[in-house]
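The primary structure of each chain is shown beneath.
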Amino acid sequence: DFLTYAADELNYIRQDKNVKCFTANSQVSDLDQELKALQGLYKRTGGESWSVKDGWLTDSDYCDWHGIKCNGEGFVSAVELQRNNLVGKFPSDSLSKLKNLETLDVSENKLTGSMDIVTIVDGTTTYIGGGYCRSADADYYTYFEHKDSVAANAGVVTAEFCDNLCRGDTISTAKSNLVGFEIANYGVDNFIQDFKEGSVAGTDCTCLYSYGEFPLPLKDGVTVSKDYTAYGPVKSSDDYRNAVCYGVTPQYTYVDSSAFLDLRKLTEVNISLNSLSGPMDLLFAPALISIDASRNNFTNVKPFKKFKPSHSSLRSFDLSSNVISQDLAVLFIDKPQNIEEIDLSGNAISGSIQTSEQFDFVRRLAIGSNRLSGALPNLQSKFPNLVDLDLSSNMITGSINGGLTNHLILKTLDLS
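Predicted model only: the values in this text are computed from it and were never measured.

Draft legend 1. Main features of the nonpolar core. Val 79, Phe 90, Phe 284, Ile 291, Phe 317 and Leu 319 are the most contacted members of the largest nonpolar core, which totals 65 residues. Elements that contribute at least two residues to this core include exactly helix H2 (31-44), strand E2 (76-80), strand E17 (275-280), strand E19 (297-301) and helix H8 (328-331). Once residues lying within four places of it in the same chain are set aside, the contact partners of Ile 291 are Val 269, Met 280, Leu 282, Phe 284, Leu 314, Ser 316, Phe 317 and Asp 318.

What follows is the structure in structure tokens.
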């Protein structure tokens, strides 16, 4: 709630112990919205190629569609589409509209990207002038020429065609930013004027990049010139008569990490065995109890926030076999207070298993096959209810202390 947030994040000191905080429920869910959300889910994840799609997008009740379960009021309570060849970006936008969702299982599919809703806002395209593009320092840019794509378009290059081709290019990296493009036609003497009047099209499309660092190998049908290394946005053009220059402003990405905050009944999530990536927020839904996000490509765990309701509801999480490389102590700062089962095995987590956090309720802890080092803590003190512990394939050192050998309920221990 807000007062918890204020205390944890803003260092607010609460004065009135009798204040009551009521949580507003902004859920507005109707059957038409549910139907549209499911239709969006189908389209965004390649529904036409699903392994099983019985009922989907037909006139039948969507509660009878494959993988869908509903509550007594006709609202979707479960989406269970595991092992069904779902492809594309994770459908956060569609799933977040199912306000009564309790169970989500889209494991063993081909979903990619982040669970956040990512909106890309296209930059603008501006005609700079006739000739080749130049930077503020009058330098020329590294460029890529798309010969195969132009040939496939019957050799016709318009401004719209070249703009779309360059914006859709996957060659650029974080160190090489698209800043513009050039259109040329070397067989027309008065190309600049004829192109502006719309009477002649170009025959060459080159995409211009700042910084000039690119991955190899290049895709087929693309040639590159690294003879020029201009920096920054396009500012002018020269007087070369057979080319025209366009500048492109950057694309902006808006990330909405609050997509699932209205799913106040969602308790069980299984997104394992996909290709999801980026940071993982284990408290993304207010009532979450269990999440299996194993065998993906998540890179780190977002910091735990005590003001989130799921900080007290979460009982288990599985992030095994990802690419997480955080320090263990940092990862566990302000961990969920009632967590019982943790699986972080098969990552690249480093540091010592000695942390300042207390794990009073943890029964199972699996962090084998990481890069942990140092001595064991006093398990009886730090993990009083621990039953199963896997620390295999790490660099644990020192002796097995009394807190381990005298642990009252520990049943299995793997230090291999």
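Draft legend 2. Quick peek at the packing of aromatic side chains. Considering all chains together, one arrives at 14 aromatic pairs under this definition. Look at Trp 50 and Trp 56: their rings are 4.8 Å apart centre to centre, the planes differ by 80°, and that puts the pair in the edge-to-face class. Trp 56 shares its class with Trp 50; the two are buried. The interplanar angle of 15° and the centroid separation of 4.9 Å between the aromatic rings of Phe 181 and Tyr 246 together place this pair among those described as stacked. Of this pair, Phe 181 sits in strand E10 (residues 177-184) while Tyr 246 sits in strand E14 (residues 243-248), and the two are 65 residues apart along the sequence. Summarising the burial analysis for this pair, Phe 181 and Tyr 246 share the class buried. Ring-pair connections join several aromatic residues into one group, and the members of that group are Tyr 42, Trp 50, Trp 56, Tyr 62 and Trp 65. A cation over an aromatic ring shows up here: Lys 335 above the ring of Phe 359, its NZ or CZ 5.0 Å from the ring centre.

Draft legend 3. Representation of the state of the cysteines in the model. For the structure shown, the criterion picks out four disulfides. Paired through a disulfide, Cys 63 and Cys 70 show a sulfur-sulfur distance of 2.2 Å. Taking the sign of the S-S torsion, about -100° here, the bridge from Cys 63 to Cys 70 comes out left-handed. Looking at Cys 70, the relative accessible area reads 22%, which means it is partly exposed. Between Cys 166 and Cys 207 runs a disulfide, and the two sulfur atoms are separated by 2.1 Å. Disulfide Cys 166 to Cys 207: torsion about the S-S bond roughly -85°, handedness left-handed. Taken together, the residues span a long stretch of sequence, with Cys 166 in helix H5 (residues 159-167) and Cys 207 in strand E11 (residues 204-210) at a distance of 41 residues.

Draft legend 4. Expanded view of the sheet that holds strand E21 (residues 341-343). Read from one edge to the other, the open sheet built from ten strands follows the order E1-E2-E4-E16-E18-E20-E21-E23-E25-E27, with strand pairing classed as mixed. One side of each edge strand has no neighbouring strand; the edge strands of this open sheet are strand E1 (68-70) and strand E27 (412-414). Neighbour-to-neighbour, the strand axes of this sheet turn through a mean angle of 10°, independent of strand direction. In this sheet, E27 lies alongside strand E25 (residues 388-390) in parallel orientation, the contact comprising three bridges. Looking at the pairing, Leu 389 lines up with Leu 413 of E27.

Rules and cut-offs
- Residue positions are counted from 1 within each chain, in the order its sequence is given.
- Predicted model: local features are reported for residues with pLDDT of at least 70 only, side-chain atom pairs are reported and counted for 80 or more only, and whole-chain, interface and lining totals are derived from all residues.
- Where side-chain values are given, they derive from all heavy atoms of the structure, hydrogens and water being excluded.
- Here, nonpolar core refers to any group of buried Ala, Val, Leu, Ile, Met, Phe, Trp, Tyr and Cys residues whose side-chain atoms link them within 4.5 Å.
- The rule is simple: take the accessible area with a 1.4 Å probe, protein chains only, and divide by the maximum for that residue type; under 20% is buried, over 50% is exposed, in between is partly exposed.
- Put simply, DSSP H or I for four residues or longer makes a helix, DSSP E for two residues or longer makes a strand, and each gets a number counted from the N terminus.
- Two residues form a contact once any of their heavy atoms are found within 4.5 Å.
- Only the six-membered ring of Trp is used, alongside the rings of Phe and Tyr, when aromatic pairs are assigned; centres must lie within 6.5 Å, and planes under 30 degrees apart are stacked while those over 60 apart are edge-to-face, with the rest tilted.
- Here, a charge over a ring means that NZ of Lys or CZ of Arg falls within 6 Å of the ring centre while also lying within 35 degrees of the ring normal.
- A pair of sulfur atoms, both from cysteines and within 2.5 Å, is called a disulfide here.
- Two strands pair if DSSP finds at least two bridges between them.
- Orientation is described by axes fitted as lines to C-alpha atoms, over the contacting stretch for helices, and by angles from 0 to 180 degrees between their N-to-C directions.

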